[in-house]
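Here is what each chain is made of, one letter per residue.
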Amino acid sequence: MKNKIEIIAEIGQAHDGSLGMAMSYIDALAETGIDTVKFQVHIAEAESSKYEPFRIKFSKQDNSRFDYWKRMEFSIEQWQLLKSRCEEKGVEFLASPFSNAAVDLLEELGVKRYKIGSGEITNFLLLEKVARTGKPVILSSGMSSYEELDQTIAFLKERDVELSILQCTTSYPTQPENYGLNVIPELKQCYGLKTGYSDHSARPETCIAAITLGAEILEFHVVFSRKSFGPDASSSLQIDEIKNLVRAVRNIEVALGHPVDKSDNTIFSDLKKIFEKSLSVNKTLNTGHVLSFEDLEAKKPALIGIPASEFRQVIGKPIKRELKQWEFLNWDDLDSN
C-alpha cells in the first residue's frame, strides 16, 4: 500500500440491498482518495434466525431482522460485479463475513484479507474458518474485554494469521465520552500489532485524533446523507466530508513522518533576524542618564541594537551620549565604569 495510514470506508448496509446504489457508493468513494471500500456479507439463513432482535427498529419495511438480512444479500455474480468495480476504480474490496458460508463466498471472490466485526471476536468457529484461508485479518475490538482479546489473538496467532487490531466502540453514534481513544496506544503496547481505529461517531475530528494517537488504520461508515434510510446512517460520515478528512489524514501522515528537532533552530536564522527585536529608548534621554526599565522598548529587527533578551544588563547603567526617542541602544552607548 502506497500510504502508511490505510483509510477504509465502510459502505456496510448503506446500499439498502440495491446493487446500483452499492456501485454508486464505490464510484463516489474512489474519488475521495480512500484506500479500501468495505462491505458486509450477510447470508440470512446461515447467520440469523427468527429469534434475532432488531438492534435499531428503523422502519416497518422488514418484519424481522432475518428479513432485513435477506434483503441485504447479493448473489455471487453481483458480488463479483462489486469487486470488479472496486478494482476498476483503484480501491481494494474488503468485506466482513458473518457466517462460514460468507467466508466461502468471499473465497470464491478471491479477497485478499478479512475484516472481523466486533460481534464475531468470540466466534471461534468463524475465526477457524477464516484462519484456514491463510489470509490476513483485521480485528475490530468493539465489544471485547482484554481477556477476550487475549484469547482471540492467541487463537489466531497459533494458526499463524497475520493480524491487525482496531479500537472500536459499539455504540451508534458513539458519544465523545465513549470514543476510547486512549485504547489505541494501549492495544499497540499490549499486542505489538498494527493498530487502528474504527469510528462510529460520525465526526471527522474523531478520526483525526485517532491518527495523532498512533492509529495506522482508519475505518468509518459512509453514507450520502445522515438522513438516509438505514441503521447505520446516524453513525456515518457523509461522502462530502470524507474528501476533506482524507486530505487531513494525509497531511498528518506527512507530519508524523517528519519529526522536528526542536533543539536545532538554525533553519530559522533569517526569520529570527526579522522577527526578533533590539533594545531602544522610548524617550529622549540626556547624557549621563541612568537607564531604568521604564526607559526601554524593543523594536524590530534584531542585530541593530542590544538584544531585547539582555535588557537586565543595561538597567542601572548611565549613557555616554544623548539618545533620541526610539533610537536603538548599543553597548557603546553605555558607560561601563
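Each remark here, short or long, concerns the structure printed above.
Residues numbered from 1 in each chain as written. Predicted model: local features only at pLDDT ≥ 70, side-chain atom pairs only at ≥ 80, totals over all residues. Heavy atoms only, no water.

**Here we look at the overall build of the protein**
For the protein, the count of helices and strands is 11 helices and 11 strands. Here the C-alpha atoms of the protein give a radius of gyration of 31 Å, more than 25% beyond the 20 Å that 2.2 N^0.38 yields for 337 residues. When each of the 337 residues of the protein is scored for burial, the buried share is 46%. In the protein, the share of contacts with a sequence separation of at least 24, taken over all contacts with a separation of at least 6, comes to 65%. For the protein, the exposed surface amounts to about 16900 Å²; the carbon and sulfur share of it is 52%. Of the charged side chains in the protein, 41 are positive and 50 negative; the average position of the first set lies 4 Å away from that of the second. (Helix = DSSP H or I, 4+ residues; strand = E, 2+ residues; numbered from the N terminus. Rg over C-alpha atoms; globule rule 2.2 N^0.38 Å. Buried < 20%, exposed > 50% of the residue type's maximum accessible area, 1.4 Å probe, protein only. Contact = heavy atoms within 4.5 Å. Areas by Shrake-Rupley, 256 points an atom, 1.4 Å probe, with all protein chains shown as cover. Lys, Arg positive; Asp, Glu negative; His and termini not counted. Charge placed at Lys NZ, Arg CZ, Asp CG, Glu CD.)

**Some remarks on the side chain of Glu-6**
Within the element layout of this structure, Glu-6 appears in strand β1 (residues 6–12). Glu-6 gets classed as buried once you look at its relative accessible area, which sits at 2%. Among the polar contacts made by the side chain of Glu-6, one reaches the side chain of Arg-113 at a distance of 2.3 Å. (Polar contact = N/O pair within 3.5 Å; in protein donor to acceptor, adjacent residues only side chain to side chain.)

**Notes on the nonpolar core**
Counting residues in hydrophobic clusters, the biggest one holds 70 residues, and the most contacted among them are Ile-34, Phe-39, Phe-93 and Phe-220. In this view, Phe-93 contacts Val-37, Phe-39, Trp-79, Leu-82, Lys-83, Cys-86, Leu-106, Leu-109 and Val-111; residues no more than four positions away in its chain are not counted. Grouped together as the second largest cluster of nonpolar side chains are 11 residues, Leu-279, Leu-291, Ile-306 and Leu-323 included. (Core = buried A, V, L, I, M, F, W, Y, C linked by side-chain atoms within 4.5 Å.)

**Examining the packing of aromatic side chains**
Considering all chains together, one arrives at 9 aromatic pairs under this definition. Judged by centre distance (5.3 Å) and plane angle (50 degrees), the rings of Tyr-68 and Trp-69 are tilted. Here Tyr-68 and Trp-69 have matching classes, each one buried. Centroid distance Phe-74 to Trp-79: 5.2 Å. Interplanar angle 85 degrees. Geometry classified as edge-to-face. Assessed through its relative accessible area of 7%, Phe-74 is described here as buried. (Phe/Tyr/Trp six-rings, centres within 6.5 Å; stacked < 30°, edge-to-face > 60°.)

**Topic: unusual backbone geometry**
Cis geometry marks the peptide bond from Lys-300 to Pro-301; its omega dihedral reads 0 degrees. For Pro-301, the location among the structural elements is in the segment after β11 (296–299). The phi dihedral of Ala-202 falls on the positive side, at around 65 degrees, and the residue is not glycine. In this structure, Ala-202 sits in the loop between β7 (194–199) and α9 (204–212). Taking the relative accessible area as the measure of exposure, Ala-202 reaches 10% and is therefore buried. The phi torsion at Leu-303 lies on the positive side, around 70 degrees, for a residue other than glycine. Turning to its location among the elements, Leu-303 is positioned in the segment after β11. Accessibility expressed as a relative area gives 69% for Leu-303, which makes it exposed.

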